[in-house]
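Here is what each chain is made of, one letter per residue.
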2 protein chains.
Amino acid sequence: MIKIAIDGMGGDHAPDIVIKGIEMFLEKDTSDTEIICVCPEEEFRSAGGKEFLPRLKLVQCDKYIPMDFKLSLSLFRDKDTTMYRIIEMLKNHEIDVAYSAGNTAAFVSLAVGTLKMMTNIDRPAICVHLPNLKDSVTVFLDVGANVSPKVLNLYQYALMGDLYAKNVLDIKNPSVGLLNIGEEPGKGDELRQKLFQRLNQDTELNFVGNIEGHELFTGKADVVITDGFSGNIILKVSEGLGRSFKSIMLKEIKRSVSGKIGFFIARNALMEYARKTDYAEYGGGVLLGTNGVVTVSHGRSSPRAIYHALVLSKRIAESSFFEQLREYSGKWVQQ
Amino acid sequence: MIKIAIDGMGGDHAPDIVIKGIEMFLEKDTSDTEIICVCPEEEFRSAGGKEFLPRLKLVQCDKYIPMDFKLSLSLFRDKDTTMYRIIEMLKNHEIDVAYSAGNTAAFVSLAVGTLKMMTNIDRPAICVHLPNLKDSVTVFLDVGANVSPKVLNLYQYALMGDLYAKNVLDIKNPSVGLLNIGEEPGKGDELRQKLFQRLNQDTELNFVGNIEGHELFTGKADVVITDGFSGNIILKVSEGLGRSFKSIMLKEIKRSVSGKIGFFIARNALMEYARKTDYAEYGGGVLLGTNGVVTVSHGRSSPRAIYHALVLSKRIAESSFFEQLREYSGKWVQQ
């Protein structure tokens, strides 16, 4: 039985959105997966939270890290916050996954500080699934755990992403690409040029070279590596662009009677289009490199995004990926 | 009269696509703007190029820089390539704009080496227009001239972008934002943190702080600054995503009869949607910082993108932006 602890106060509209996301998950998921919501009891109740024993449990915790929290040592001093509690539960093996849609920097810092990095892994990465034109998903990392990575960090992201694609997505011999500003080996800044050489020398990886921005959603590579700064911005640009495109489409449709009628008739197709290009379908990322399954999503997550992040959390916990990664990285030779 | 010289051999499908783009421009533009196509005569003729005297002139030139050219000094040694010739014509004031959809790195290097940078401007930037939800455009730079900029370079991009928005787009008091991974001042890497301070101290700029990826297309800032590495990837991601979204929409529509009928009825609205979200509508960027109007677009440009790049070229040449920038930057105090 998988146990997922969720930060009830994580997110711009917590706990309401979080509770709605949990309900959606518990309705659709028919396994015995258990959700432990760590939250002030009063907030939990007033957001409509009910305990569907034994599948939804409340762990009372009054304090929480605000969304605009600035990183400081107080994060570790106050052991009675919702985030601290769920990371502690993971450390003590009381749960299988720790998940929050709260302040990502705080949550990642707590995970690194408390759970510690796996042997030989220097820096963590957040890995997400991106939809692609092959009706599959592309593994994309890092999207924000480390904004100034070194060559070794990015090289390790490639190794972790490769193992993730194999273990969680069942992709055999995944192709691995480096996000860059051109196809040729010499493209990009010094970091990218050195990394290209290193990836190219690796005989175990199926490295397919540089991937340009317009190829990210085509499925040209199963795993795409980038630094946390670009990765974070690209993820948000994609999300914003999807939303902007939808606004423009609706505006154009509403401008004319034929637009409205056509939309009404084709609405199923257009809704399916909207669903497939909705960021919320892919909401949620997983922190790679620390000891334990930590999943995150951003503060603006909708209940649907929370639901999908829970589906992802369960999927990763059910796979043997984290055990494999621990074993695999233990053999890495550091340079 | 504006004279635009175009590299007939610039682009993945040159000269055919280039000639088609020129024809589109000459049909729609009713001014006396003249296009000078620098190209091997044989290629020009076989691509259907006709001289609509006096508005389209051919300048015979046999050699050209290939799309996959790797930067080397031979770029400057061979003075008889299409790119070299159009930059020379600009330097000699025989034309008002030099434009190529060819190898951007080569074209930018030739422009910097031959035309030289304006006084006090250290590094060039490529500036593009992005569509936004306010039915206007956002000035976005740099998209690839400089992949490893320093704080001073990015600060100057903000000053140049501000002046561009005022002079070319007639935006009064344009808001300027820094693309970053969070709203708060302390976000991002060291480069971004230092730049934020510097932009914030400037009393002339209407600096509105950090802009997150999902806000890039909302019009929250009129001018958005970033490094050439992120900028280039973001531009290509946006373009690729737009194309992927359209593929997914057409796939969904074709799946059902109601989808097809609805699409047929609403086709005008949906075509207008497709047009507004088409990268080709915004094809073309301008190189800021060198002495002379140099415009570029990427190798995959369609005739429509070439047409729009020519419209942009004309617009910039008609504005007093480059003269203003020369005067303005002449007064900058270097640090």
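Bear in mind the structure is a predicted one, so any value in this text is a computation, not a measurement.

Rules used throughout
Residues numbered from 1 in each chain as written. Chains lettered and ligands numbered in written order. Predicted model: local features only at pLDDT ≥ 70, side-chain atom pairs only at ≥ 80, totals over all residues. Heavy atoms only, no water. Helix = DSSP H or I, 4+ residues; strand = E, 2+ residues; numbered from the N terminus. Rg over C-alpha atoms; globule rule 2.2 N^0.38 Å. Contact = heavy atoms within 4.5 Å. Areas by Shrake-Rupley, 256 points an atom, 1.4 Å probe, with all protein chains shown as cover. Lys, Arg positive; Asp, Glu negative; His and termini not counted. Charge placed at Lys NZ, Arg CZ, Asp CG, Glu CD. Buried area = accessible area lost by both parts, 1.4 Å probe. Salt bridge = Lys/Arg side-chain N within 4 Å of Asp/Glu carboxyl O. Polar contact = N/O pair within 3.5 Å; in protein donor to acceptor, adjacent residues only side chain to side chain. Pairing = 2+ DSSP bridges. Axes fitted to C-alpha atoms, helices over the stretch in contact; angles between N-to-C directions. Least-squares fit on C-alpha atoms with pLDDT ≥ 70 in both.

J.: Describe the overall build of chain A, naming the residues involved and giving the relevant values.
T.: Regarding its fold elements, chain A presents 12 helices and 11 strands. Computed over its C-alpha atoms, the radius of gyration of chain A comes to 20 Å, within 12% of the 20 Å expected for a compact globule of 335 residues. If one aligns the C-alpha atoms of chain A with their principal axes, the spans along those axes are about 60 × 55 × 35 Å. A sequence separation of at least 24 residues applies to 71% of the contacts in chain A between residues at least 6 apart. Here chain A displays about 13400 Å² of accessible surface, and carbon together with sulfur accounts for 51% of that area. Counting 40 positive and 42 negative side-chain charges, chain A places the averaged centre of each group 3 Å from the other.

J.: Any details on the interface of chain A and chain B? Residues and values, ideally.
T.: If you look at the interface, chain A gives 53 residues, while chain B gives 52 residues. Contact between chain A and chain B buries roughly 4900 Å² in total, counting both sides, with carbon and sulfur atoms accounting for 71%. The tally of links from chain A across to chain B stands at 4 salt bridges. Between aspartate 135 of chain A and lysine 251 of chain B there is a salt bridge whose closest N-O contact spans 3.9 Å. At the boundary of chain A with chain B, the tally comes to 8 residue pairs in polar contact (both at pLDDT 80 or more). If you list the elements that add at least two residues to the side of chain A that touches chain B, you get helix H8 (228–255), helix H9 (257–265) and helix H10 (267–276) of chain A. The greatest single-element share of the side of chain A that touches chain B, amounting to 20 residues, is contributed by H8 of chain A.

J.: So what's going on with the sheet that holds strand E5 (residues 125–131) of chain A? Which residues, and what values?
T.: Residues and elements named next belong to chain A. Read across the open sheet, the 11 strands follow the order E3-E2-E1-E4-E11-E10-E5-E6-E9-E7-E8; overall the sheet is mixed. Two strands bound the open sheet, and with one partner strand each, they are strand E3 (56–60) and strand E8 (206–211). Neighbour-to-neighbour, the strand axes of the sheet open up by a mean angle of 25°, direction not taken into account. The pairing of strand E2 (residues 34–39) with E3 spans 5 bridges and is classified as parallel. In the strand pairing of E3, isoleucine 36 is matched with lysine 57. Across the sheet, helix H11 (residues 303–318) lies against strand E1 (3–7), E2, strand E4 (97–100), E5, strand E10 (285–288) and strand E11 (293–296), angled at about 160° from E4, the strand it touches most.

J.: If you had to explain the environment of alanine 47 of chain B to someone new, which residues and values would you point to?
T.: All names here are of chain B. Mapped onto the fold, alanine 47 is located in the loop between helix H2 (41–46) and strand E3 (56–60). With 29 residues separating them along the chain, alanine 47 and valine 18 place their C-alpha atoms 9.1 Å apart. Excluding residues within four positions of it along the chain, alanine 47 makes contact with Pro15, Asp16 and Ile19.

J.: Account for the relation of the copies chain A and chain B, naming residues and giving values.
T.: When chain A is fitted to chain B, the best match, at an RMSD of 0.0 Å, comes from turning it 180° and sliding it 0.0 Å along the axis. Within this description, the copies of the chain are treated as partners about a two-fold rotation axis. Relative to the rotation axis, the closest C-alpha in chain A is found at glycine 262 of chain A, a distance of 2.0 Å. Of all interface residues in chain A, 98% are interface residues in chain B too; the two copies therefore contact each other through one and the same surface.

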